[in-house]
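Observations on chain architecture
In case you want the letters, here they are:
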Amino acid sequence: MPDTVTQQAASPTPAAAEREFTVKVRTQREIVFRRYLEHRAAVVSSVVLLLLILVAFFGPLFWHTPFTLMTNDIEVGPSTAHPFGTDSNGFDLFSQVLHGTQRSLEIAVSVSLVSTVFGAIYGAAAGFYRGWIDTIMMRFADLVLTLPALVFAIIITDKASPTVAGQWYFLAAILAALFWPSCARVVRAQVLSLREKEFVEAARALGANDRRIIFRHILPNTLGSIFVIATLTVAGTVLVETALSFLGFGIKPPDTSLGLLVESGKTAIQDGYPWLFYIPGIFIVLIVLTINFIGDGLRDAFDPQQTRVRA
Amino acid sequence: MFAFTIRRLLASIPVLFFSTLLVFLLVASSVDPLEPLRAKNPPVPHQTLVALGTRLGLYHPLLQRYWDWLTGLVLHGNWGTPVQPGYHIAARLSSSFLVTFRLVIFSIFCSLALAIAVGVFSAVRQYSKMDYVATSIGFLFLSLPTFWFAALLKAWAIQFNSAVSPDHALIDTIGEASPNPPSGFFPQLGDAFGHLLLPTITLSLISYASWSRFQRASMLEVLNSDYIRLARAKGLSRRRVLFRHALRNALMPLTTQVALDTAALLGGAVITETVFEWHGMGYMFLQAVGNYDLFPLLAWLIVAALLVIVFNLIADLLYAVLDPRIRLA
């Protein structure tokens, strides 16, 4: 719990100088950060993911071939001109993979941002007000949670008007609308216990209104789990989005996504162009794997209790 | 227990009601069954469109359409009118369900065995090299996109087939059975098993990862508890403590988790079925979506929702059966 962390960090400086062993005072943020650095896989993953993001977003600016250009090199293997080779239309796979990575990350990060922010506020309001408001709000959240996300995303994207259907923000909006309840449930459960704490009572005694109590006193205490959920939502969204594009319901050509690239390369191994299948897939695995490790590291960092029984 | 089951079933009726309402509103407002006919060339006469629209009840307000559909389903067992000719919703549902169910049940057993073995092993040898290896492999499978892994296995199998015996495929890569299956019960059974191989590997490896993490955590919790220390202290062998005292209790959380995940797996086999070209629930769903066929789609979604509710109930009951401390009254 973040609470115990604050207590460790408390007992500030005045007495410290007189002590025999001086204790360095660390803020809660420093403590969490230090614990995160102890999770080696998470640190390595952060570096890899950061590199991936930099290359995906800034690489296309410097790369000689845009992802929409059909070159005269048809189905050539990886070389210096085309590090990832080209496909049967002469598209440079390197720039396509960079663009696909960018798309997948854009969608995943916006879905995660929107669904966690909305879910957190929704869950906090439900847990804070309790009673029938809570019942109605959470029953609705449960209802949305029973909708199979992939299936509904398929139905809605397939039937939407073609002007928006292939756009990445449309896909992101649908996935965010399906993903928020899981965050709402976790935050609500924490708020239910936090609202009974003394500091909330103190804030109320000082005259703080509901909004101030929720946003300044309660929600900051749930930030740890919110960060973890946000991270795991990014990973989950990448998997769902690429699967949708693979099945033909997500990103549509001329735009491209990692799922779409795997789809067009699914018989490439038998046909003798294995790079068309392996490279986009490995990029998906790399993104999701690093994000999962980061989520694991964040969980350990924010919740020191769990490090002993790390699952 | 019986009274509890009945009460829980009754309590799930309102849940099911609202869930059908939400599903109907979402699907009926986005799927227009006449859309493919309008796009046809030469154009379908206007009267035909109107007649079909009337038959499907498209011109009523949305809520009335919901009510008509719901009462038709509950009172008369009528799933609605499919657009595709010669399509029987109930027959199609049951045949698709059986195909998918076979795959899911098989995968669950394989992945459970794997998850328990790996989870227990990692917990007993916590922080050993093997634990790190197992945990990392678990993370890898957790991060694998199902469609890529399935397509990878399929491509490898095809390469293997053409390398080993070009004229006779050793590993079946397409469909849930051969187009003209062998005669006789046992050859048919063998044929079915052969086709199950790759999809089962896909589904079970993808779902084993989260289960083994779960099993490892619950095993660790049990191993650190006082009664395990007591059992060791009174002189029981390590083996006996591990399997009779620890494992039995550590299996409980996993059982409920598996029951909850089963419903999701049944619905989620869409991707695996598509890659291996099975004609199960996934195929039925994608076909209904592609044909704008509203009522088969609704039927599919209702079955999926029902499965979630039923497996939730099974999870609760299993927990009560396994844990004598819980009394369902």
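All residue numbers refer to position in the chain's written sequence, counted from 1. Written order decides the labels, with chains lettered from A and ligands numbered from 1. Confidence filtering applies because this is a predicted model: local features only for residues at pLDDT of at least 70, side-chain atom pairs given and counted only at 80 or more, and all residues used for totals across whole chains, interfaces and linings.

So, the overall build of chain A
Secondary structure elements follow DSSP: runs of H or I of four or more residues count as helices, runs of E of two or more count as strands, with numbering from the N terminus. Assigned secondary structure in chain A consists of 15 helices and zero strands. By the burial criterion, 45% of the 311 residues in chain A qualify as buried. Partly exposed residues are those falling between the two cut-offs: more than 12 but fewer than 20 other C-beta atoms within 10 Å of their own, whereas 20 or more means buried and 12 or fewer means exposed, with C-beta atoms placed from the backbone.

Things to note about the overall build of chain B
Check the secondary structure of chain B and you find 13 helices and zero strands. When the elements of chain B are put in sequence order from the N terminus, they spell out α-α-α-α-α-α-α-α-α-α-α-α-α. The burial tally for chain B puts 34% of its 329 residues in the buried class. Here, residues touch in the contact sense if the C-beta positions derived from the backbone fall within 7 Å of one another. Of the contacts formed within chain B by residues at least 6 apart in sequence, a portion of 74% connects residues at least 24 apart.

Overview of the confidence of the model for chain B
Residue and element names in this part refer to chain B. Here chain B averages 85 in pLDDT, while 98% of its residues score no lower than 70. The secondary-structure element of chain B with the lowest mean pLDDT is helix α2 (residues 35-38), recorded at 76, while helix α5 (residues 89-124) shows the highest, at 91. Per the prediction output, this complex has pTM 0.86; the corresponding ipTM is 0.86. The predictor rates its confidence in each residue with pLDDT, a number between 0 and 100.

Focus on the nonpolar core
Within the largest apolar cluster, 143 residues are counted, with the highest numbers of intra-cluster contacts made by A:A153, A:L175, B:V27 and B:L297. Top element by residues in this core is helix α14 (residues 275-302) of chain A. It accounts for 15 residues. Taken together, domain 1 (2-76) and domain 2 (89-322) of chain B each give at least three residues to this core, which thus spans both. In this structure A:A153 touches A:I174, A:L175, A:L178, A:V240, A:L244 and A:F249, once residues within four positions along its chain are discounted. Under the definition applied here, buried Ala, Val, Leu, Ile, Met, Phe, Trp, Tyr and Cys residues are grouped into a nonpolar core through C-beta atoms within 7 Å. Domain delimitation follows an automatic or database domain assignment.

What about the domain arrangement of chain B?
Residues and elements named next belong to chain B. We note that the domain assignment places domain 1 (2-76) and domain 2 (89-322) within chain B. Taken over C-alpha atoms, the centre of domain 1 sits 32 Å from the centre of domain 2. With 12 residues, the top contributor of residues to the side of domain 1 that touches domain 2 is helix α1 (residues 2-30). When residues are sorted by character, Ala, Val, Leu, Ile, Met, Phe, Trp, Tyr, Cys and Pro go into the nonpolar class, Asp, Glu, Lys and Arg into the charged class, and all the rest, Gly among them, into the polar class. Within the side of domain 1 that touches domain 2, the residues separate by chemical class into 10 nonpolar, four polar and three charged.

Focus: the interface of chain B and chain A
Between chain B and chain A, the contact holds 35 residues from the first and 30 residues from the second. Of all the elements, helix α7 (residues 146-164) of chain B adds the most residues to the side of chain B that touches chain A, at seven residues. Split into classes, the residues belonging to the side of chain B that touches chain A amount to 24 nonpolar, eight polar and three charged.

Considerations on the confidence of the model for chain A
Residue and element names in this part refer to chain A. Model confidence for chain A is summarised by a mean pLDDT of 82, while 87% of its residues fall at 70 or above. Across chain A, helix α9 (residues 198-205) holds the top mean pLDDT of 92, while helix α1 (residues 2-9) sits lowest at 45. In the predicted structure, residues 1-11 sits below a pLDDT of 50 and forms 12 contacts with residues beyond four places in sequence or in another chain.

Structural notes on α9(A)
Counting buried positions over the eight residues of α9(A) gives zero, only a small fraction of the element. A:G207, located one to two residues past α9(A), shows a positive phi value of around 95°.

So, the packing of helix α2 (residues 28-38) of chain A against α14(A)
Residues and elements named next belong to chain A. Throughout, an axis means a line fitted to C-alpha atoms (over the contacting stretch in the case of helices), and angles, computed between N-to-C directions, take values from 0 to 180 degrees. Relative to each other, α2 and α14 sit at 135°, their axes nearing to 8 Å. Judged by the angle between their axes, α2 and α14 are oblique. Crossing hand, α2 versus α14: right-handed. Listed contacts from α14 to V32, R35 and Y36 of α2 are G297, L298, D300, A301 and F302. Here the contact of α2 with α14 is built from residues that sort into five nonpolar, one polar and two charged. Note on angle classes: values under 35 degrees are labelled roughly parallel, values over 145 roughly antiparallel, values of 65 to 115 roughly perpendicular, and the remainder oblique. Less than a right angle of anticlockwise turn of the near helix away from the far helix marks a crossing as left-handed, whereas a clockwise turn marks it as right-handed.

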